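# Coordinates in review
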Amino acid sequence: MFSETSSKEVAAAYELARRQYARLGVDADAALAALGQVPISLHCWQGDDVKGLETRDEAVSGGGTLATGNYPGAARNGTELRMDAERAMSLIPGELRFNVHACYAETGGERVDRDQLKPEHFRTWMDWAKKHNLRLDFNGTFFAHPLANGGFTLSDADEEVRAFWVRHGIASRMIAEAMGREQGGPCILNHWIPDGAKDSPIDRWAPRQRLMRSLDEMLGAPVDRAFCLDCVEGKLFGISSEDFVVGSHEFYMNYTASRRNARLCLDMGHFHPTETIHDKISAVLSFQDGLLIHVSRGIRWDSDHVVVLNDDLRALFQEIVRGGALDRVNIALDYFDASMNRVGAWVIGTRCTQKAILAALLEPSARLRELEARGDMASKLAVLEELKTLPLGAVWDQYCHAAGAPVGPAWLNAMHDYEEAVQRPRAKAKCGGGCACG
Ligand code: RNT
Ligand code: ZN
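Residues numbered from 1 in each chain as written. Chains lettered and ligands numbered in written order. Predicted model: local features only at pLDDT ≥ 70, side-chain atom pairs only at ≥ 80, totals over all residues. Heavy atoms only, no water.

Together, L66, I239 and W301 give the surface a local cluster of nonpolar side chains, amounting to about 240 Å² of exposed area. As for its position among the elements, L66 is in the loop between β1 (40–43) and α3 (78–89). Here L66 falls in the partly exposed class, since its relative accessible area comes to 41%. (Patch = residues over 30% accessible without salt bridge, like charges linked within 9 Å, V, L, I, M, F, W, Y side chains within 5 Å. Areas by Shrake-Rupley, 256 points an atom, 1.4 Å probe, with all protein chains shown as cover. Salt bridge = Lys/Arg side-chain N within 4 Å of Asp/Glu carboxyl O. Helix = DSSP H or I, 4+ residues; strand = E, 2+ residues; numbered from the N terminus. Buried < 20%, exposed > 50% of the residue type's maximum accessible area, 1.4 Å probe, protein only.)

Next up, the structure:
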């Protein structure tokens, strides 16, 4: 058991911290208010290791997405998934959105293929979101399907396969539009496709031409952009697409810049292993209106480890905050770890993302810019170093406390109780209900 921090303790530590930040010209109250305006989109797929809710007999490929680990207690159906997400969200302060993938459709046992999906198959998600005052985001699922097993979807040479996935893309857009309409604001719809080749394809050209055509068809379908905000996510490589990915970063950079009907999504794990995305923010936003960020953590490859407060994450939000671009980025989590309690994984990654944003908001960026412009590099560096040891934690605790979320590690008590009462018993039962196994 981790003991709770008293309100008095939180307030006293915050008061001291506030004064320390003020000495550097930082208004901690303003930073907290700004953090409260930044929604983070929680991804449904951490709760069940990207399995989805479809029933199928065929073996399907995850298209390079791979959750490893077998910690007990993963959600086995939509009801459990929502329940777990609720538990996680109760342990996180601030505004949250919820990100649903098309393979989490609930069709009441009926087999509905991906190109036939309709808003009604996400009715439960939409009602749940409304009840919990959450806005939804959405994703087409272009993997884990027999027609994706060949390694290609929107760029497949087989016209039937390509057309199927275009229909799926359009169906996803209609669903996102319906979600957006219902919530009175845009649903961020991300399209990621796994298409690529394991080994040196002779023809890298034709698949890219086909992808371009498919995207034009998909994104040309009449959908109200006030409610459905399309994004496209590039990647460097995946398992089984080590040599060639059709939808590479450069492909989508050029696609979004020339067509202007979709935004770019930058996933922190989708570049060369030592390449980070913070330097790309100002480059992209100099030309484009907005950007979707997939907050993730790769270790040696696109491993989608649970996000922690590391230098990459801090640098990313420093760039966004220094550029005054918080309102031009959408922040969505994208990782999946099956080797730990999934509620814990959600909470850790979300709270760390918020901490990184807070750390960036607690920088005296105007003063730092001025020091740099004056050529006073020693002062700039010294202030940056001073900031590293200022009490970020005390300001964060104040944020949690004010939002009614647990302070410090006390949230782990709730996670453990939930694991004992709800998640562990799942490992003993064959099924959580809602399926045909009886
Ligand atoms: C895969 C992409 C993609 C997925 C989700 C599940 O490499 O990052 O965003 O992780 O759509
Ligand atoms: Zn991603």
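A word on the pairing of strand β2 (residues 96–101). Across the six residues that make up β2, a large majority, six, are buried. Of the two faces of β2, the one holding L96, F98 and V100 and the one holding R97, N99 and H101 are both buried throughout. Following the chain from β1 across α3 to the adjacent parallel β2, one finds a crossover that is right-handed. Two strands pair when backbone bridges link them, and β2 and strand β3 (residues 135–139) are joined in this way by five bridges, in the parallel orientation. The partner of H101 across the bridge, within β3, is N139. Once you follow β2 into helix α4 (residues 123–131) and on to β3, the crossover reads as right-handed. (Right-handed = clockwise from strand over helix to strand, strands pointing away. Pairing = 2+ DSSP bridges.)

This brings us to the pattern of salt bridges. For side chains of opposite charge, pairing can occur when their charged atoms come near one another. The final tally for this structure, using the stated rule, is 32 salt bridges. The residue D49 makes a salt bridge to K51 at a minimum N-O spacing of 3.6 Å. Under the relative-accessibility criterion, D49 is labelled buried at 13%. According to the relative accessible area criterion, K51 is exposed, its value standing at 60%. In this structure, E159 and R162 form a salt bridge, with 2.9 Å as the shortest nitrogen-oxygen distance. Highlighted residues: E159 and R162, both in helix α5 (residues 159–183), separated by three residues, approximately one helical turn. In this structure E159 comes out as partly exposed when scored by relative accessible area, which is 42%. Under the relative-accessibility criterion, R162 is labelled buried at 2%.

Turning next to empty space enclosed by the protein. Applying the stated rule across the entire model yields one cavity of 30 Å³ or more. Approximately 210 Å³ is the volume attributed to the largest cavity. Around the largest cavity, the lining comprises 22 residues; the ones closest to its centre are T65, F143, W192, D334 and F336. Of all the elements, strand β11 (residues 301–305) adds the most residues to the lining of the largest cavity, at four residues. (1 Å grid on protein atoms, 1.4 Å probe; cavity = no way out; pocket = protein on both sides within 12 Å on 5 of 7 lines; lining within 4 Å. Points joined across faces, edges and corners; volume = space filled by probe spheres on them.)

This paragraph deals with the coordination of the zinc ion (ligand 2). Looking at the metal site, the zinc ion (ligand 2) is ligated by E233 (OE), D267 (OD), H294 (ND1) and D334 (OD), spaced 2.0 to 2.1 Å from it. Within one chain, the residues serving as donors to the zinc ion (ligand 2) are arranged as E-x33-D-x26-H-x39-D. Of the two residues, E233 sits in strand β6 (residues 228–233) while H294 sits in strand β9 (residues 291–295), which places them 61 residues apart along the sequence. As far as the burial class goes, E233 and H294 line up, both buried. (Donors = N, O, S within 2.8 Å, 3.2 Å for Na, K, Ca; no water.)

These values are about where atoms sit, not about what they do.
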